Amino acid sequence: MKLAATIDGASEPIQGSDLSSAAPNPARIPILYVILGVLLVISIVPMYFYSAQVEAINRDRLKTNEMLLQNTVTRSLADDLSQHERSLRMMLANLSSAIQVASGGDIGSKNIEAPELRALLENFVSSSDEVAYATLLNSDAKGISAGRIAPDAFLQRELQHAFDAARDGRAYNGQALQVGDGKSSRTVLLVSSPVSYEGRFLGMVGAVVDLQFLIRRLQEVSGGGLIPYVVDAQGRLVAAGSTQYVTGQDMKSLEIVRNFVDQGNKAQLAATNEFAVREGNNSVEMLGTYSPVTAFDWAVVVQKPQHEAYRGVYEMQRTARLLALLAVLLSIGVSIFAARRITNPLQVLTQSGRALARGDFSQRVHLRSRTEIGELAETFNTMSRELEQFVEDLKRAAEENRALFLGSIQMLAGAVDEKDPYTRGHSDRVTRYSLMIGKEMNLDAAFMETLQISAQLHDVGKIGIEDRILKKPGALTAEEFEVMKTHTTKGANILRPVTQLAEMLPGIELHHEALDGRGYPYGLKGDQIPLLARVIAVADTFDALTTNRPYQHAHTPEEALKIIQNLAGKRLHPDPVAALLAVYGRGEIRIQRISIKRPVAADTAANVPNLPPPAPALPPAEPVNLERTRV
């Protein structure tokens, strides 16, 4: 909707003067003359001033070059690690696909030991010198493995963590571990991915990567005082180019490592710092740079003693310090004057530009200057006025598009409701109750907008249910009920091609799921059911219980709330149930009964054991088949 408003608004021509064709005011003094005048004044300073300037420029360049060198080294190593991770992920994906094909989507206890699967693992390990071990586990954590190393207790623990992550549908990158002793010791890392087939969790495939390639790369860039190493998100050493550090060592005593750890997930760019390192009783000043490796939550760090990094700088400073001091004293007066003349108008423009960036298009620049800066201020004011009008046009178009979109949604929901007079207005009421519940739960505005549309369309799939089932005046047979249950997936499939409605699909597809796993279409349990579907389920149930249907008479709101309260924690989530009770308790819900004459099947009460008769007595503790009432 926002995109549509932007396009519609942008299509209208911007009215205003042609700024590019406006002739410059000949009365103004060109800023070029001002800059040339300053340069002429500076050029008459003695040669000593020139020498100091050259020294300062070269000093900064030397420092910048050293920083760029460190940045280049760390970025190159970080890119290598990221490329290795992408390659390994691709290899695991290919292996997972091959496993699915070879097993026919079944790696249960009967098929996990199949020779084809073991051959796939062995070929995977032998295809790369960096893969030291590979394993395939099924959903029962039983499996097969192949490789050049035997997992120790630490690696077994990592495999357990990887399996837990795979069961949650997540890929896993483990911690760097040291395996083996002496010359045979290796630094390794576990990388795993879940294996699934048609949305069903089959198991996990994992690979233990030998990080010797990383150690070799670190050794290659060592030298000239440069010390490279890699740390993880907790500041522990992953690998180093020298034996000075060991895998797993806590490196947070170094300030540059501590800075990376403190940044956490915010560390996205390389950073260079000057810091001190304690070596015995001495403190050594260091220059260091780290570059994050986002794929692993690692950082590549290089550091170098400042006396090595800035050797040329220090020599140049000692030679030209006296001359630079004299040059600074001579240039202070001229610099202050020139800076004020140039920066004051620019500061005014900058402040106005920031206000414009914040969305304050009413900002105007009040600046008098005979240079191009004054003309720029007038141009800025013209631009602000036109932008203000342009934004207003965009907002108006956005509101119109939003109203049209919501109207279309309501029309589609109304078309579904019109199939049966008993469901007329059902979508509107469920939407209203859902929004009341969401407001009571203090859900954010973005979620509420998603909830509104999802609730309005929650039964859109019923448009594909035959009238003989949808309008049947009585309880459904088992076969008819199975057809009726497909309205959730039908609705999701109808709307899935509309990418703008992707966030609304869980409420449409899953609002008949139950906390105890007895719902449909997928039998999800507990926290597997998204919040959107939980809220709509409570609102949908309340409306179904308080309206007349061909197979039941409407319950009073109090009776319906007692039934819903009994279902809390079993079928319905307690939080939206509590919110509904609170809203009704404040008198915000009014039930308008509409009587529609149509025969009701004589055996309705007998065939619908899940809904009690409308009487003052308390309802049953749990109407387990509430879906049979075609909520």
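Not measured: the values here are computed from a predicted model.

## Section: the overall build of the protein chain
Here comes step 1: Broken down by element type, the protein chain carries 20 helices and 11 strands.
Here comes step 2: By residue count, 42% of the 631 residues in the protein chain fall in the buried class.
Here comes step 3: Intrachain contacts of the protein chain at a sequence separation of at least 6 include 61% that bridge at least 24 residues.
Here comes step 4: For the protein chain, the computed accessible surface area is about 33100 Å², with 55% contributed by carbon and sulfur atoms.

## Thoughts on the pairing of strand β8 (residues 237–240)
Regular strands place side chains that alternate from one sheet face to the opposite one.
Here comes step 1: Relative to β8, strand β7 (residues 227–231) runs antiparallel, the two sharing 3 bridges. Opposite Val230, over in β8, you have Ala239 as the bridge partner.
Here comes step 2: Counted along the chain from β7 to the antiparallel partner β8, the turn is 5 residues long, and its residue Gly235 has a positive phi close to 85 degrees.

## Regarding the sheet that holds strand β11 (residues 298–305)
The strands making up a sheet associate through hydrogen bonds between their backbones, and the pairing can be parallel or antiparallel.
Here comes step 1: An order of β8-β7-β11-β10-β9 is seen for the 5 strands of this open sheet, with the pairing classed as antiparallel. The open sheet terminates on both sides in strands that have one partner only, identified here as β8 and β9 (271–279). Adjacent strand axes in the sheet meet at a mean angle of 30 degrees when their direction is disregarded.
Here comes step 2: Here β9 pairs with strand β10 (residues 282–293) via 9 bridges, running antiparallel.

## What about helix α4 (residues 115–126)?
Here comes step 1: In a regular helix each residue adds 1.5 Å, so 12 residues correspond to 16 Å; α4 covers 16 Å between its end C-alpha atoms and thus fits that length.
Here comes step 2: By the burial criterion, the buried members of α4 are Leu117, Leu121, Phe124 and Val125. Angular distribution of buried residues about the axis of α4 spans 95 degrees; they occupy a single face of the element. Opposite its buried face, α4 presents the exposed residues Pro115, Asn123 and Ser126, each directed more than 90 degrees away.

## Considerations on the pairing of β10
Here comes step 1: In terms of residue burial, β10 counts as a mostly covered element, since 9 of its 12 residues are buried.
Here comes step 2: Linking β9 to β10, which pair antiparallel, is a turn of 2 residues; within it Gly280 sits at a positive phi near 70 degrees.
Here comes step 3: Pairing geometry for β10 and β11, over 8 bridges, is antiparallel. Bridging from a neighbouring strand, Thr289 pairs with Val302 of β11.
Here comes step 4: Linking two consecutive strands that pair antiparallel, namely β10 and β11, is a turn of 4 residues; a positive phi of about 60 degrees is found at Asp297 within it.

## Re the packing of aromatic side chains
How two aromatic rings sit relative to each other is set out by the distance from centre to centre and by the angle between their planes.
Here comes step 1: All told, the structure shown has 6 aromatic pairs when counted by the stated rule.
Here comes step 2: Their ring planes at 75 degrees and their centres at 5.2 Å tell us that Tyr433 and Phe542 sit as a pair that is edge-to-face. Separated by 109 residues along the polypeptide, Tyr433 in helix α11 (residues 426–440) and Phe542 in helix α17 (residues 531–545) bring together distant segments of the chain. The pair Tyr433 / Phe542 is uniform in exposure class, with both members buried.

## Focus: the environment of Val73
Here comes step 1: Topologically, Val73 is positioned in helix α3 (residues 47–103).
Here comes step 2: Taking the C-alpha atoms as reference, Val73 lies 8.9 Å from Val300; in sequence the two are 227 residues apart.
Here comes step 3: Contact partners of Val73, with chain neighbours within four places excluded, come to Val221, Leu226 and Val302.

## Some thoughts on the pattern of salt bridges
Here comes step 1: In total, this model carries 20 salt bridges according to the counting rule given.
Here comes step 2: Between Asp543 and Arg429 there is a salt bridge whose closest N-O contact spans 2.5 Å. Residue Asp543 is located in helix α17, and its partner Arg429 is located in helix α11; the two are separated by 114 residues in the primary sequence.
Here comes step 3: For Asp543, a relative accessible area of 0% corresponds to the buried category.
Here comes step 4: Using a relative accessible area of 15% as the deciding quantity, one classes Arg429 as buried.
Here comes step 5: Two residues, Glu480 and Arg468, come together in a salt bridge whose shortest N-O distance is 4.0 Å. Remark: Arg468 occurs in helix α13 (residues 467–470) and Glu480 occurs in helix α14 (residues 478–485); sequence separation between them is 12 residues.
Here comes step 6: By sharing partners, the salt bridges in this structure join Asp80, Arg217 and Glu220 into a single network.

## Quick word on the packing of α11 against α17
Here comes step 1: At a minimum axis distance of 8 Å, the contact between α11 and α17 shows a crossing angle of 130 degrees. When the interaxial angle is binned, α11 and α17 end up oblique. Both α11 and α17 take part in a crossing whose hand is right-handed. Every residue of α17 that contacts α11 at His426, Arg429, Val430, Tyr433, Ser434 and Ile437 is listed here: Val535, Ile536, Val538, Ala539, Asp540, Phe542 and Asp543.
Here comes step 2: Grouping the amino acids of the contact of α11 with α17 by side-chain chemistry returns 8 nonpolar, 2 polar and 3 charged.

## Some remarks on the side chain of Ser128
Here comes step 1: In this fold, Ser128 is placed in the loop between α4 and β1 (131–138).
Here comes step 2: If we skip the residues at most four places from it in the chain, Ser128 touches Met91 and Arg148.

## So, α11
Here comes step 1: In a regular helix each residue adds 1.5 Å, so 15 residues correspond to 21 Å; α11 covers 21 Å between its end C-alpha atoms and thus fits that length.
Here comes step 2: What α11 keeps buried is the set His426, Ser427, Arg429, Val430, Thr431, Tyr433, Ser434, Met436, Ile437 and Gly438.
Here comes step 3: Count one or two residues on from α11 and you reach Asn442, which has phi positive near 60 degrees.

## Structural notes on the confidence of the model for the protein chain
Here comes step 1: Of all residues in the protein chain, 74% attain a pLDDT of 70 or more, and the chain-wide mean is 78.
Here comes step 2: For the protein chain, per-element mean pLDDT is lowest for helix α20 (residues 604–607), which scores 36, and highest for helix α19 (residues 574–585), which scores 94.
Here comes step 3: Confidence drops under a pLDDT of 50 for residues 1–24, and excluding neighbours within four residues, the segment shows 28 contacts in the predicted structure.
Here comes step 4: Taken as a whole, residues 595–625 scores under 50 in pLDDT and shows 62 contacts with residues more than four places along the chain or in a different chain.

Criteria and thresholds
Residues numbered from 1 in each chain as written. Predicted model: local features only at pLDDT ≥ 70, side-chain atom pairs only at ≥ 80, totals over all residues. Heavy atoms only, no water. Helix = DSSP H or I, 4+ residues; strand = E, 2+ residues; numbered from the N terminus. Buried < 20%, exposed > 50% of the residue type's maximum accessible area, 1.4 Å probe, protein only. Contact = heavy atoms within 4.5 Å. Areas by Shrake-Rupley, 256 points an atom, 1.4 Å probe, with all protein chains shown as cover. Pairing = 2+ DSSP bridges. Axes fitted to C-alpha atoms, helices over the stretch in contact; angles between N-to-C directions. Expected span 1.5 Å × (residues − 1). Arc of directions from axis to C-beta. Phe/Tyr/Trp six-rings, centres within 6.5 Å; stacked < 30°, edge-to-face > 60°. Salt bridge = Lys/Arg side-chain N within 4 Å of Asp/Glu carboxyl O. Parallel < 35°, antiparallel > 145°, perpendicular 65-115°, else oblique. Left-handed = near helix turned anticlockwise from the far one by under 90°. Nonpolar A, V, L, I, M, F, W, Y, C, P; charged D, E, K, R; others polar. pLDDT = per-residue confidence, 0-100.

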